[in-house]
Amino acid sequence: MTCAVLAAASNAWGTVLQRRAATSTPEAHSPLGLVGSLLRSPVWLGGILGVVGAALFQALALDFGSLAAVQPVFILELPLALLFGSLVFRVRVSRKAWGCVAAIFAGLAISLFSAAPSGGREQVPGMWWAPTIAVLGATVAALVLVGLRRPHGLARAAGLAAAAAVGNALTAALVKSAMHILSRHGATAFFLAWQTYGFALVGSFSIILLGYAMQGGPLIASQPALTLGDAVVSFCLGITLYAESPRHGMWLVPALFGVALLSYGVVTLSRTRCLAKCVDRDTAEEEHRAGRPAATAM
(Lines give C-alpha, C1' and ligand atoms only; values in the text may rest on other atoms or scores of the structure.)
Protein backbone atom coordinates (compact mmCIF):
# COMPACT_ATOMS: atom_id res chain seq x y z
CA MET A 1 0.00 0.00 0.00
CA THR A 2 2.90 2.34 0.71
CA CYS A 3 4.24 1.82 -2.81
CA ALA A 4 0.80 2.63 -4.22
CA VAL A 5 0.67 5.93 -2.32
CA LEU A 6 4.21 6.76 -3.46
CA ALA A 7 3.22 5.97 -7.05
CA ALA A 8 0.22 8.31 -6.86
CA ALA A 9 2.36 11.06 -5.31
CA SER A 10 5.15 10.60 -7.85
CA ASN A 11 2.77 10.73 -10.81
CA ALA A 12 0.99 13.79 -9.41
CA TRP A 13 4.31 15.57 -8.91
CA GLY A 14 5.49 14.59 -12.39
CA THR A 15 2.26 15.84 -13.95
CA VAL A 16 2.49 19.19 -12.20
CA LEU A 17 6.15 19.66 -13.20
CA GLN A 18 5.36 18.88 -16.83
CA ARG A 19 2.53 21.43 -16.79
CA ARG A 20 4.90 23.96 -15.24
CA ALA A 21 7.51 23.34 -17.93
CA ALA A 22 4.89 23.64 -20.68
CA THR A 23 3.66 26.99 -19.42
CA SER A 24 7.16 28.45 -19.04
CA THR A 25 8.48 27.24 -22.41
CA PRO A 26 8.32 29.75 -25.29
CA GLU A 27 5.91 28.93 -28.09
CA ALA A 28 7.49 26.76 -30.77
CA HIS A 29 6.70 26.80 -34.48
CA SER A 30 6.82 23.00 -34.77
CA PRO A 31 6.36 19.93 -32.55
CA LEU A 32 10.07 19.15 -32.86
CA GLY A 33 10.92 22.66 -31.65
CA LEU A 34 8.66 22.20 -28.64
CA VAL A 35 10.22 18.83 -27.81
CA GLY A 36 13.69 20.35 -28.11
CA SER A 37 12.79 23.17 -25.76
CA LEU A 38 11.28 20.78 -23.22
CA LEU A 39 14.31 18.49 -23.32
CA ARG A 40 16.44 21.47 -22.27
CA SER A 41 14.13 22.19 -19.34
CA PRO A 42 15.23 20.70 -15.99
CA VAL A 43 11.66 21.09 -14.74
CA TRP A 44 10.25 18.99 -17.58
CA LEU A 45 12.93 16.33 -17.10
CA GLY A 46 12.05 16.27 -13.41
CA GLY A 47 8.43 15.67 -14.40
CA ILE A 48 9.47 12.73 -16.59
CA LEU A 49 11.42 11.26 -13.68
CA GLY A 50 8.28 11.58 -11.57
CA VAL A 51 6.23 9.64 -14.13
CA VAL A 52 8.92 6.95 -14.43
CA GLY A 53 9.10 6.68 -10.64
CA ALA A 54 5.32 6.31 -10.51
CA ALA A 55 5.48 3.40 -12.97
CA LEU A 56 8.15 1.66 -10.87
CA PHE A 57 6.26 2.16 -7.62
CA GLN A 58 3.06 0.92 -9.25
CA ALA A 59 4.79 -2.23 -10.48
CA LEU A 60 6.12 -2.92 -6.98
CA ALA A 61 2.73 -2.25 -5.40
CA LEU A 62 1.00 -4.64 -7.80
CA ASP A 63 3.64 -7.30 -7.23
CA PHE A 64 3.15 -7.25 -3.46
CA GLY A 65 -0.51 -6.24 -3.16
CA SER A 66 -3.88 -7.15 -4.60
CA LEU A 67 -5.18 -5.43 -7.73
CA ALA A 68 -8.51 -4.56 -6.09
CA ALA A 69 -6.73 -2.77 -3.23
CA VAL A 70 -3.82 -1.14 -5.05
CA GLN A 71 -5.45 0.53 -8.04
CA PRO A 72 -8.13 2.50 -6.12
CA VAL A 73 -5.30 4.16 -4.16
CA PHE A 74 -4.31 5.98 -7.35
CA ILE A 75 -7.38 8.16 -6.85
CA LEU A 76 -5.13 10.06 -4.43
CA GLU A 77 -3.27 11.40 -7.46
CA LEU A 78 -6.09 13.91 -7.94
CA PRO A 79 -5.91 15.68 -4.54
CA LEU A 80 -2.12 15.33 -4.48
CA ALA A 81 -1.90 17.08 -7.85
CA LEU A 82 -3.94 19.91 -6.33
CA LEU A 83 -1.63 20.14 -3.32
CA PHE A 84 1.57 20.07 -5.39
CA GLY A 85 0.14 22.35 -8.06
CA SER A 86 -0.96 24.91 -5.49
CA LEU A 87 2.69 25.24 -4.47
CA VAL A 88 4.18 25.23 -7.97
CA PHE A 89 1.60 27.54 -9.59
CA ARG A 90 0.95 29.56 -6.41
CA VAL A 91 -2.75 28.77 -6.49
CA ARG A 92 -4.76 29.59 -3.39
CA VAL A 93 -6.89 26.55 -2.58
CA SER A 94 -10.47 27.32 -1.60
CA ARG A 95 -12.23 25.91 1.45
CA LYS A 96 -14.49 23.93 -0.87
CA ALA A 97 -11.47 22.28 -2.50
CA TRP A 98 -9.95 21.45 0.91
CA GLY A 99 -13.24 19.85 1.88
CA CYS A 100 -13.16 17.75 -1.28
CA VAL A 101 -9.61 16.63 -0.50
CA ALA A 102 -10.71 15.53 2.98
CA ALA A 103 -13.70 13.70 1.49
CA ILE A 104 -11.49 11.82 -0.98
CA PHE A 105 -8.99 10.72 1.66
CA ALA A 106 -11.71 9.74 4.15
CA GLY A 107 -13.86 7.99 1.52
CA LEU A 108 -10.93 5.99 0.19
CA ALA A 109 -9.83 4.94 3.67
CA ILE A 110 -13.35 3.89 4.70
CA SER A 111 -14.08 1.97 1.50
CA LEU A 112 -10.75 0.10 1.42
CA PHE A 113 -10.89 -0.75 5.13
CA SER A 114 -14.47 -1.99 4.79
CA ALA A 115 -13.96 -3.98 1.58
CA ALA A 116 -10.45 -5.20 2.55
CA PRO A 117 -9.93 -7.39 -0.55
CA SER A 118 -7.59 -10.27 0.21
CA GLY A 119 -6.44 -13.64 -1.01
CA GLY A 120 -6.54 -14.43 -4.69
CA ARG A 121 -4.24 -16.18 -7.12
CA GLU A 122 -0.70 -15.06 -7.92
CA GLN A 123 -1.07 -15.63 -11.66
CA VAL A 124 -4.04 -15.62 -14.01
CA PRO A 125 -4.67 -18.84 -15.98
CA GLY A 126 -3.88 -18.31 -19.66
CA MET A 127 -7.37 -19.22 -20.83
CA TRP A 128 -8.84 -16.31 -18.80
CA TRP A 129 -6.96 -13.60 -20.66
CA ALA A 130 -8.60 -14.01 -24.08
CA PRO A 131 -12.23 -13.35 -22.99
CA THR A 132 -11.10 -10.59 -20.61
CA ILE A 133 -9.18 -8.73 -23.31
CA ALA A 134 -12.02 -9.27 -25.78
CA VAL A 135 -14.66 -7.82 -23.43
CA LEU A 136 -12.54 -4.88 -22.31
CA GLY A 137 -11.37 -4.21 -25.87
CA ALA A 138 -14.97 -4.11 -27.09
CA THR A 139 -15.87 -1.78 -24.21
CA VAL A 140 -13.01 0.59 -25.08
CA ALA A 141 -13.96 0.54 -28.76
CA ALA A 142 -17.59 1.36 -27.96
CA LEU A 143 -16.64 4.22 -25.61
CA VAL A 144 -14.19 5.65 -28.15
CA LEU A 145 -16.78 5.44 -30.92
CA VAL A 146 -19.40 7.19 -28.79
CA GLY A 147 -16.92 9.83 -27.66
CA LEU A 148 -15.53 10.66 -31.09
CA ARG A 149 -19.02 10.98 -32.58
CA ARG A 150 -19.91 13.65 -30.03
CA PRO A 151 -18.99 17.32 -30.42
CA HIS A 152 -16.54 19.01 -28.09
CA GLY A 153 -18.05 18.95 -24.62
CA LEU A 154 -19.00 16.80 -21.64
CA ALA A 155 -20.06 13.63 -23.48
CA ARG A 156 -16.97 13.51 -25.70
CA ALA A 157 -14.54 14.03 -22.82
CA ALA A 158 -16.32 11.57 -20.54
CA GLY A 159 -16.50 8.84 -23.19
CA LEU A 160 -12.83 9.06 -24.13
CA ALA A 161 -11.71 9.33 -20.49
CA ALA A 162 -13.79 6.28 -19.58
CA ALA A 163 -12.11 4.39 -22.42
CA ALA A 164 -8.70 5.44 -21.07
CA ALA A 165 -9.77 4.29 -17.59
CA VAL A 166 -10.64 0.81 -18.87
CA GLY A 167 -7.28 0.70 -20.66
CA ASN A 168 -5.47 1.73 -17.47
CA ALA A 169 -7.20 -1.01 -15.50
CA LEU A 170 -6.24 -3.66 -18.07
CA THR A 171 -2.69 -2.29 -18.09
CA ALA A 172 -2.49 -2.72 -14.31
CA ALA A 173 -3.75 -6.31 -14.54
CA LEU A 174 -1.09 -7.11 -17.15
CA VAL A 175 1.62 -5.36 -15.11
CA LYS A 176 0.74 -7.49 -12.09
CA SER A 177 1.00 -10.65 -14.18
CA ALA A 178 4.31 -9.56 -15.74
CA MET A 179 5.77 -8.64 -12.35
CA HIS A 180 4.92 -12.10 -11.02
CA ILE A 181 6.87 -13.58 -13.94
CA LEU A 182 9.81 -11.26 -13.25
CA SER A 183 9.97 -12.02 -9.53
CA ARG A 184 9.54 -15.78 -9.93
CA HIS A 185 11.34 -16.57 -13.20
CA GLY A 186 13.75 -13.68 -13.80
CA ALA A 187 14.39 -11.01 -16.40
CA THR A 188 14.65 -13.36 -19.38
CA ALA A 189 11.19 -14.77 -18.81
CA PHE A 190 9.87 -11.24 -18.20
CA PHE A 191 11.05 -10.01 -21.60
CA LEU A 192 9.79 -13.14 -23.31
CA ALA A 193 6.32 -12.92 -21.74
CA TRP A 194 3.50 -11.53 -23.88
CA GLN A 195 2.12 -9.68 -20.83
CA THR A 196 5.16 -7.38 -20.84
CA TYR A 197 4.48 -6.18 -24.36
CA GLY A 198 0.77 -6.25 -23.73
CA PHE A 199 0.90 -3.73 -20.88
CA ALA A 200 3.31 -1.53 -22.86
CA LEU A 201 0.94 -1.47 -25.84
CA VAL A 202 -2.28 -1.01 -23.88
CA GLY A 203 -0.70 1.57 -21.58
CA SER A 204 0.59 3.64 -24.49
CA PHE A 205 -2.82 3.54 -26.18
CA SER A 206 -4.49 4.63 -22.93
CA ILE A 207 -2.16 7.64 -22.69
CA ILE A 208 -3.17 8.68 -26.21
CA LEU A 209 -6.85 8.29 -25.34
CA LEU A 210 -6.37 10.42 -22.24
CA GLY A 211 -4.80 13.15 -24.36
CA TYR A 212 -7.82 13.16 -26.66
CA ALA A 213 -10.12 13.20 -23.63
CA MET A 214 -8.40 16.27 -22.18
CA GLN A 215 -8.75 18.05 -25.51
CA GLY A 216 -12.33 16.90 -25.99
CA GLY A 217 -14.00 18.73 -23.14
CA PRO A 218 -13.81 20.21 -19.65
CA LEU A 219 -12.04 18.64 -16.69
CA ILE A 220 -15.33 18.04 -14.89
CA ALA A 221 -16.21 15.43 -17.52
CA SER A 222 -12.88 13.69 -18.08
CA GLN A 223 -11.41 13.56 -14.57
CA PRO A 224 -14.23 11.72 -12.70
CA ALA A 225 -14.63 9.23 -15.57
CA LEU A 226 -10.90 8.55 -15.59
CA THR A 227 -10.34 8.43 -11.82
CA LEU A 228 -13.43 6.53 -10.73
CA GLY A 229 -13.57 4.36 -13.85
CA ASP A 230 -10.04 3.06 -13.33
CA ALA A 231 -10.76 2.20 -9.69
CA VAL A 232 -14.07 0.43 -10.44
CA VAL A 233 -12.79 -1.63 -13.38
CA SER A 234 -9.59 -2.55 -11.52
CA PHE A 235 -11.61 -3.65 -8.49
CA CYS A 236 -13.77 -5.85 -10.73
CA LEU A 237 -10.71 -7.34 -12.45
CA GLY A 238 -9.17 -8.09 -9.07
CA ILE A 239 -12.25 -10.07 -8.06
CA THR A 240 -12.77 -11.87 -11.37
CA LEU A 241 -9.28 -12.34 -12.85
CA TYR A 242 -7.24 -12.68 -9.66
CA ALA A 243 -10.00 -14.19 -7.48
CA GLU A 244 -9.51 -11.61 -4.72
CA SER A 245 -12.24 -11.63 -2.07
CA PRO A 246 -13.70 -8.48 -0.47
CA ARG A 247 -15.66 -8.53 2.77
CA HIS A 248 -19.38 -9.19 2.56
CA GLY A 249 -22.41 -8.75 4.78
CA MET A 250 -22.67 -5.66 6.95
CA TRP A 251 -19.28 -4.45 5.71
CA LEU A 252 -21.03 -3.42 2.49
CA VAL A 253 -22.77 -0.54 4.30
CA PRO A 254 -19.65 1.44 5.29
CA ALA A 255 -17.97 0.39 2.02
CA LEU A 256 -20.78 1.95 -0.04
CA PHE A 257 -20.75 5.03 2.18
CA GLY A 258 -17.01 5.38 1.57
CA VAL A 259 -17.50 5.03 -2.19
CA ALA A 260 -20.24 7.68 -2.12
CA LEU A 261 -18.06 10.07 -0.11
CA LEU A 262 -15.13 9.42 -2.40
CA SER A 263 -17.21 9.98 -5.54
CA TYR A 264 -18.58 13.24 -4.17
CA GLY A 265 -15.07 14.48 -3.44
CA VAL A 266 -13.75 13.57 -6.90
CA VAL A 267 -16.68 15.05 -8.84
CA THR A 268 -16.85 18.24 -6.78
CA LEU A 269 -13.09 18.78 -6.79
CA SER A 270 -13.09 18.39 -10.58
CA ARG A 271 -15.48 21.36 -10.76
CA THR A 272 -13.13 23.73 -8.91
CA ARG A 273 -11.05 26.21 -10.87
CA CYS A 274 -8.10 25.78 -8.53
CA LEU A 275 -7.70 22.17 -9.67
CA ALA A 276 -7.93 23.24 -13.32
CA LYS A 277 -5.17 25.80 -12.75
CA CYS A 278 -2.98 23.07 -11.27
CA VAL A 279 -3.46 20.25 -13.78
CA ASP A 280 -5.06 21.69 -16.91
CA ARG A 281 -2.48 23.00 -19.36
CA ASP A 282 -4.76 25.45 -21.16
CA THR A 283 -5.95 27.09 -17.95
CA ALA A 284 -2.41 27.27 -16.59
CA GLU A 285 -1.12 28.79 -19.81
CA GLU A 286 -3.84 31.45 -19.74
CA GLU A 287 -2.90 32.41 -16.19
CA HIS A 288 0.80 32.45 -17.05
CA ARG A 289 0.43 34.57 -20.19
CA ALA A 290 -1.95 37.00 -18.57
CA GLY A 291 0.50 37.49 -15.72
CA ARG A 292 -2.33 37.54 -13.23
CA PRO A 293 -1.88 36.22 -9.70
CA ALA A 294 -3.97 33.10 -9.11
CA ALA A 295 -7.19 33.89 -7.27
CA THR A 296 -9.00 31.76 -4.79
CA ALA A 297 -11.21 29.39 -6.73
CA MET A 298 -14.57 28.04 -5.77
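Data block above holds the structure.
Here the structure is a predicted model, which means the values were calculated and not measured. (Residues numbered from 1 in each chain as written. Predicted model: local features only at pLDDT ≥ 70, side-chain atom pairs only at ≥ 80, totals over all residues. Heavy atoms only, no water.)

## Overview of unusual backbone geometry
Note the cut-off: For the purposes of this entry, the term helix denotes a DSSP run of H or I that reaches at least four residues, the term strand denotes a run of E that reaches at least two, and both are numbered from the N terminus. To sort residues, take the accessible area from a 1.4 Å probe on protein chains only and compare it with the maximum for the residue type: under 20% means buried, over 50% means exposed, and anything in between is partly exposed.
Non-glycine residue A116 carries a positive phi angle of around 40°. Mapped onto the elements of the fold, A116 is located in the loop between α6 (95-115) and α7 (126-148). Phi at A243 takes a positive value of approximately 55°, unusual for a residue other than glycine. When its relative accessible area of 31% is taken as the criterion, A243 is described as partly exposed.

## Thoughts on the environment of E77
The criterion, for reference: By definition in these notes, contact holds between two residues if any of their heavy atoms fall within 4.5 Å.
Residue placement: E77 occurs in helix α5 (residues 77-88). Sequence separation between E77 and L6 is 71 residues, and the spatial gap between their C-alpha atoms is 9.7 Å. Setting aside anything within four residues of it in sequence, one finds E77 in contact with A8, N11, A12 and T15.

## A word on α7
Here is the rule we go by: An expected span of 1.5 Å times one less than the residue number is assigned to each helix.
In this model α7 runs 33 Å from its N-terminal to its C-terminal C-alpha over 23 residues, within 8% of the 33 Å that 1.5 Å per residue would give. W129, T132, L136, V140, V144 and G147 are the residues of α7 that are buried. The secondary structure elements touched by the buried residues of α7 are α8 (154-185), α10 (194-216) and α11 (219-240).

## Topic: the packing of α5 against helix α12 (residues 252-270)
The packing of two helices is summarised by the inter-axis angle and the distance between the axes. The following threshold applies: Simply put, an axis is a line fit to the C-alpha atoms, just over the touching stretch for a helix, and the angle between two N-to-C directions goes from 0 to 180 degrees. The cut-offs work like this: below 35 degrees is roughly parallel, past 145 is roughly antiparallel, 65 to 115 is roughly perpendicular, and the gaps in between are oblique. For any helix crossing, the convention is left-handed if the near helix is rotated counterclockwise from the far helix by under a right angle, and right-handed if that rotation is clockwise. Only Asp, Glu, Lys and Arg are considered charged in this grouping, and only Ala, Val, Leu, Ile, Met, Phe, Trp, Tyr, Cys and Pro are considered nonpolar; every other residue, Gly among them, is considered polar.
Two elements in contact, α5 and α12, have axes separated by 10 Å at closest approach and are oriented at 40°. By the angle class used here, α5 and α12 are oblique. The chirality of how α5 crosses α12 is left-handed. Residues L78, P79 and L82 of α5 form the contact with α12, whose own contacting residues are V266, L269 and S270. Here the contact of α5 with α12 is composed, by residue class, of five nonpolar, one polar and no charged.

## Regarding the packing of α11 against α12
Close contact between α11 and α12 brings their axes to 8 Å; oriented N to C, the two are set at 150°. As summarised for this structure, α11 and α12 are arranged roughly antiparallel, according to the angle between their axes. In this structure, α11 crosses over α12, and the sense of that crossing is right-handed. Packed against α11, whose contacting residues are L219, I220, Q223, P224, T227 and L228, the element α12 presents S263, V266, V267 and S270 at the interface. Class assignment for the residues of the contact of α11 with α12 results in six nonpolar, four polar and no charged.

## What about a nonpolar patch on the surface?
The test is simple: Residues enter patches when their relative accessible area tops 30% and they take part in no salt bridge; the joining distance is 9 Å for like charges and 5 Å for the nonpolar side chains Val, Leu, Ile, Met, Phe, Trp and Tyr. Computed with the Shrake-Rupley method and a 1.4 Å probe, the accessible areas treat only the protein chains shown as cover for residues. We count a salt bridge whenever a side-chain nitrogen from Lys or Arg sits within 4 Å of a carboxyl oxygen from Asp or Glu.
Together, I48, V52 and L56 make up a nonpolar patch on the protein surface, roughly 250 Å² of accessible area in all. Within the secondary structure, L56 sits in helix α3 (residues 42-64).

## Topic: the nonpolar core
To keep it simple, the criterion reads: Residues enter a nonpolar core if they are buried and are Ala, Val, Leu, Ile, Met, Phe, Trp, Tyr or Cys, with the set joined through side-chain atoms within 4.5 Å.
Of all hydrophobic cores here, the largest spans 65 residues; its most connected members are L82, I104, W129, L237 and L269. Among the elements that make up this core, the one with the highest residue count is α8 (14 residues). Not counting the four nearest positions on each side in its chain, I104 is found in contact with I75, L76, L78, P79, L262, G265, V266 and L269.

## Brief notes about α8
Over its 32 residues, α8 extends 46 Å from the first C-alpha to the last, a length consistent with the 46 Å expected when each residue adds 1.5 Å. α8 sits mainly inside the fold: 24 of its 32 residues count as buried. The positive-phi residue at the C-terminal boundary of α8 is G186, with phi of around 95°.

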